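Letter by letter, the chains look like this.
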Amino acid sequence: MIRYFKYAFLVLVALGLVVLALANREPVLLEVLPENLALWFGWSYAIELPLFLVIFGGVVLGLLVGFVWEWLREHRHRVEAKTQRRDKQRLEREVEGLKGRANEGKDDVLALLEDTGSSR
């Protein structure tokens, strides 16, 4: 049921984007530098695009910048998680080794019974 709501929402969003694109088909001129600054540098670049491409491009660029920013911000959390995972694995190996040494030379069934009895 929730899946159908999700699909209906996605269809509504897609329909809204198509209507937005159809309503904003007029071409606009995008310039890299303002006119006065372009004259001062002696270099100017401009491109003519439909307005809806400018709008969608701005949204996509904003999302990409946000994703990269968040990925960089969470770097220390990923490093800490990796370090803790490595420590956990090292400690698990150490515990298994100590259990093996403590039960060395004993019957397997008795060793298992002692392990379960000591954990209670």
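Enquirer: Mind laying out the confidence of the model for the protein chain, listing which residues take part and the relevant values?
Expert: Any residue range with low pLDDT should be treated as having predicted coordinates unsuitable for detailed reading. Chain-level statistics for the protein chain give a pLDDT mean of 87 and a share of 85% at 70 or above. Within the protein chain, the element-level pLDDT minimum falls on helix α5 (residues 108–118), averaging 65, and the maximum on helix α3 (residues 51–73), averaging 95.

Enquirer: Let's hear about the pattern of salt bridges: which residues, and what values?
Expert: What the rule picks out here adds up to three salt bridges. Ionic pairing is found between arginine 73 and glutamate 70, a salt bridge with its closest N-O pair at 2.4 Å. Residue arginine 73 and its partner glutamate 70 are located together in helix α3, separated by three residues, close to a single helical turn. One salt bridge connects lysine 88 with glutamate 92, and the closest N-O pair in it is separated by 3.3 Å. One end of the pair, lysine 88, and the other, glutamate 92, are both in helix α4 (residues 75–102), four residues apart, so they sit about a helical turn from each other.

Here is what the cut-offs are and how they apply
Residues numbered from 1 in each chain as written. Predicted model: local features only at pLDDT ≥ 70, side-chain atom pairs only at ≥ 80, totals over all residues. Heavy atoms only, no water. pLDDT = per-residue confidence, 0-100. Helix = DSSP H or I, 4+ residues; strand = E, 2+ residues; numbered from the N terminus. Salt bridge = Lys/Arg side-chain N within 4 Å of Asp/Glu carboxyl O.

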